[in-house]
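Inside the fold
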Amino acid sequence: MAGVAPLGSTPELGIRANLGQFSLLVLVNAFVGGMVGIERTILPALAQQEFYLAERTAILSFIAVFGITKAIANYFAGRLGDRYGRKAILIAGWLIALPFPFLLMWAPSWEWVVAANVLLGVSQGLTWSTAVIMKIDLAGPSNRGLAMGLNEFAGYFAVAIAAWATGYLAAHYGLRPEPFYLGVGFALAGLLLSIFAVRETHAHAAHEAISLAPIGRPMSQAEIFRRTSWQDRNLSSVTQAGFVNNLNDGLAWGLFPMIFAAAGLRLEMIGLLAALYPGVWGLSQLVTGALSDRVGRKWLISAGMVVQAAALALIGLVWTTAGFVAGTVLLGLGTAMVYPTLLAAIGDVAHPSWRASAVGVYRLWRDAGYAAGALLAGIVADQFGLAAATLVVAALTLASGTVVALRMTETHRREGPTSS
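These lines cover the structure that appears in this document, whether it is placed above or below. These figures come from a predicted structure and were not determined experimentally.

**Examining the environment of Trp354**
Its place among the elements puts Trp354 in helix H16 (residues 352-384). In this structure the C-alpha to C-alpha distance between Trp354 and Ile224, which are 130 residues apart in sequence, comes to 7.5 Å.

The structure is reproduced here in structure tokens:
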């Protein structure tokens, strides 16, 4: 395939030099995004209409389970990718995804839906993390922001398309099983491409590491965990922002359909709004990822968190269709400013020899935000109402952006990753 170095030759770094494989991995990540997108419109309705759940905390349990399992899988994806190669982990993730849509189609109780989300979380952690790592391997340091923008565009634009499509199918054919047929197609396509077309990229990371200053003794996994989680000012600032970003996405995933329904919107319109947020998010990353390569990471992240906070406040306070549209568009823009830039900043700071593990630690904390957001939003909504839950999360998002502004330094002015 074009863009793959012949056996025994020196790997080339850069998107252009690896265009064939890079484009293929973008497509694979679109199928990864589609798998989670089939849930974003209709699972809250399924919980209420077929399983008669009333408490928001119980309804959002599927997001909490998804977030916890995905977070753990993220952490091990980086470590396992370093040990066994990226491609093997990508294939394993797709194999785990295969039963997921069938469980949603035929689940006899809500506990089966929650169990299906264990499989989805593990699969998403392995496949999406590995796709990220492989693109960072191929792109090299100069276009890392663009690479992450393209990766996250593909994933989240596919989330939007799948969310809209499942809402449309549910409105016309019912909540089950037709909307989940899409998941069968996504899983098979992703698996077959990963087996027969995707090539290993670990040699590209090794080649980049050789070109950099030596880092001394290898870092242990415990050292990488501590550095990424709290010791390094930049890595820990990025990590907390990722956690809070997905905390508010967990709220959006679980409570937005309930808010829209409580405002009297029909299922098809709820599907359109559920698709609008990840759609704007996905498309905007085509610009914001590359923009971070030009203007830097820090202020794009901080400003993006502030925009997200404003969007959540708008949705919590203005319960009209116009308010919902404006809020979801703003939330998509703010998230697009943050999401690829956070990953690019990790790539700036982490040395290639431990970068995959650092990405795993970051994504562990980031996707733990799904679980925190689902639990916090459910508890606050049950006690104080849907609007109050949205405003509480808006305040946390604003605080996170402030932490980035005060604690993080710019990372992109470095010529490449360092060990510091």
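**Some words on a nonpolar patch on the surface**
Residues Leu283, Leu286, Val287, Leu291 and Val295 make up a contiguous nonpolar surface patch of roughly 410 Å² in combined accessible area. Mapped onto the secondary structure, Val295 falls in helix H13 (residues 267-295). Val295 gets classed as exposed once you look at its relative accessible area, which sits at 55%.

**Looking at the environment of Ala372**
Of note, Ala372 is situated in helix H16. In sequence terms Ala372 and Ile68 are 304 residues apart; their C-alpha atoms lie 9.0 Å from each other. Among residues more than four places away in sequence, those in contact with Ala372 are Phe243 and Leu247.

**Considerations on the pattern of salt bridges**
Applying the stated criterion across every chain yields a total of 9 salt bridges. Salt-bridge contacts for Lys70 lead to Asp367; the nearest nitrogen and oxygen are separated by 3.1 Å. One end of the pair, Lys70, is in helix H4 (residues 61-84); the other, Asp367, is in helix H16, and 297 residues separate them in sequence. There is no split in this pair, since Lys70 and Asp367 are both buried. For Arg297, the salt bridge is made with Asp293, and the minimal N-O distance between the two is 3.0 Å. Comparing Arg297 with Asp293 shows no difference in burial state: the two are buried. One connected set of salt bridges, linked through shared partners, spans Asp82, Arg86, Asp137 and Arg355.

**Overview of the packing of helix H10 (residues 202-210) against H16**
Close contact between H10 and H16 brings their axes to 8 Å; oriented N to C, the two are set at 130°. Classified by the angle their axes make, H10 and H16 are oblique. Residue-level contacts link Ala205, Glu208 and Ala209 of H10 to Pro352, Ser353 and Arg355 of H16. Here the contact of H10 with H16 is composed, by residue class, of 3 nonpolar, 1 polar and 2 charged.

**A closer look at the nonpolar core**
Core analysis: the largest hydrophobic core is formed by 116 residues, its most contacted members being Trp94, Leu255 and Phe256. Non-local contacts of Phe256, meaning those with residues more than four positions away in its chain, are made with Leu251, Leu312, Ile315, Thr328 and Leu331.

The rules behind the values
- Residues numbered from 1 in each chain as written.
- Predicted model: local features only at pLDDT ≥ 70, side-chain atom pairs only at ≥ 80, totals over all residues.
- Heavy atoms only, no water.
- Helix = DSSP H or I, 4+ residues; strand = E, 2+ residues; numbered from the N terminus.
- Patch = residues over 30% accessible without salt bridge, like charges linked within 9 Å, V, L, I, M, F, W, Y side chains within 5 Å.
- Areas by Shrake-Rupley, 256 points an atom, 1.4 Å probe, with all protein chains shown as cover.
- Salt bridge = Lys/Arg side-chain N within 4 Å of Asp/Glu carboxyl O.
- Buried < 20%, exposed > 50% of the residue type's maximum accessible area, 1.4 Å probe, protein only.
- Contact = heavy atoms within 4.5 Å.
- Axes fitted to C-alpha atoms, helices over the stretch in contact; angles between N-to-C directions.
- Parallel < 35°, antiparallel > 145°, perpendicular 65-115°, else oblique.
- Nonpolar A, V, L, I, M, F, W, Y, C, P; charged D, E, K, R; others polar.
- Core = buried A, V, L, I, M, F, W, Y, C linked by side-chain atoms within 4.5 Å.

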